[in-house]
Every structure is written in structure tokens, then in C-alpha cells.
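Survey of secondary and tertiary structure
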Amino acid sequence: MASSLTAERFDQVTEALKDVVDPELGVNIVDLGLIYDLAWDDDADALVISMTLTSAGCPLTDDIEDQTANALDGIADRFRMNWVWMPPWGPERITDDGRDMMRALGFAM
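Residues numbered from 1 in each chain as written. Predicted model: local features only at pLDDT ≥ 70, side-chain atom pairs only at ≥ 80, totals over all residues. Heavy atoms only, no water.

Mean pLDDT over the protein chain works out to 93, with 100% of the residues at or above the 70 mark. The least confident element of the protein chain, judged by mean pLDDT, is strand 1 (residues 2–3) at 77; the most confident is strand 3 (residues 46–51) at 97. (pLDDT = per-residue confidence, 0-100. Helix = DSSP H or I, 4+ residues; strand = E, 2+ residues; numbered from the N terminus.)

Let us now look at the pairing of strand 4 (residues 79–83). With 5 bridges joining them, strand 3 and strand 4 adopt parallel strand pairing. Bridge pairing links Ile49 to Met81 in strand 4. What joins strand 3 to strand 4 is helix 2 (residues 61–71), and the crossover it makes is right-handed. (Pairing = 2+ DSSP bridges. Right-handed = clockwise from strand over helix to strand, strands pointing away.)

Bringing the environment of Met101 into the picture now. Secondary-structure assignment places Met101 in helix 3 (residues 96–104). Look at Met101 and you get partly exposed, because its relative accessible area is 30%. Along the primary structure Met101 and Thr61 are separated by 40 residues, whereas in three dimensions their C-alpha atoms are 22 Å apart. (Buried < 20%, exposed > 50% of the residue type's maximum accessible area, 1.4 Å probe, protein only.)

So, in C-alpha cells, the structure goes:
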């Protein structure tokens, strides 16, 4: 059974996940809008991260999971990635900070 995170815990996890950078775009997964939901699985005693990728065929899920494990060290002992494909990701999900980061990297935003 999944439950909501407290606001404080949600903010702590979200801030930590800003250290996880999409290997193709060079911007963190939070500001890219790839995180769809954060919840706690009471049965598994684990954080559940529902997220998508910029493309369904992205071969870099292992890299993202490794970065996530490093980012959550000391914050969540266990986590599980729940890869979500619907609704599909689109650039409208990018935060203002994410757009600024992409412009700094040379992307037209």
C-alpha cells in the first residue's frame, strides 16, 4: 500500500533528486519534469519514484537509477523506480529553472 510523503520529506527527496542529471540533456530530472509522483510503499518500506524519460527508448535507465541511489543515500534506504509512459513527457513539463539550464547549455527554449 502506498502513502503520501510528508511535505518536508517530499521537499527533501525532490531536492536530492536535483542531483540526478539526465545523461542526454545535462539537466536534472526534477527540472526536466520527468518526476510524475513520489510515494512511500508501506509494504516494501521503500520510496517509489514514478518517472518517465524524454524518450521511451532511452538506454540510460541504469545510469539514472545509479545516480538516484547516490542522491538518496542517507535520505531513503530503499527506493523503487516506477517507469511511467503515459502521459508521455513533453517540453511543457520543464520548469522555468530547467528552461534556464537548457538555454545555458545552448538549447533554444
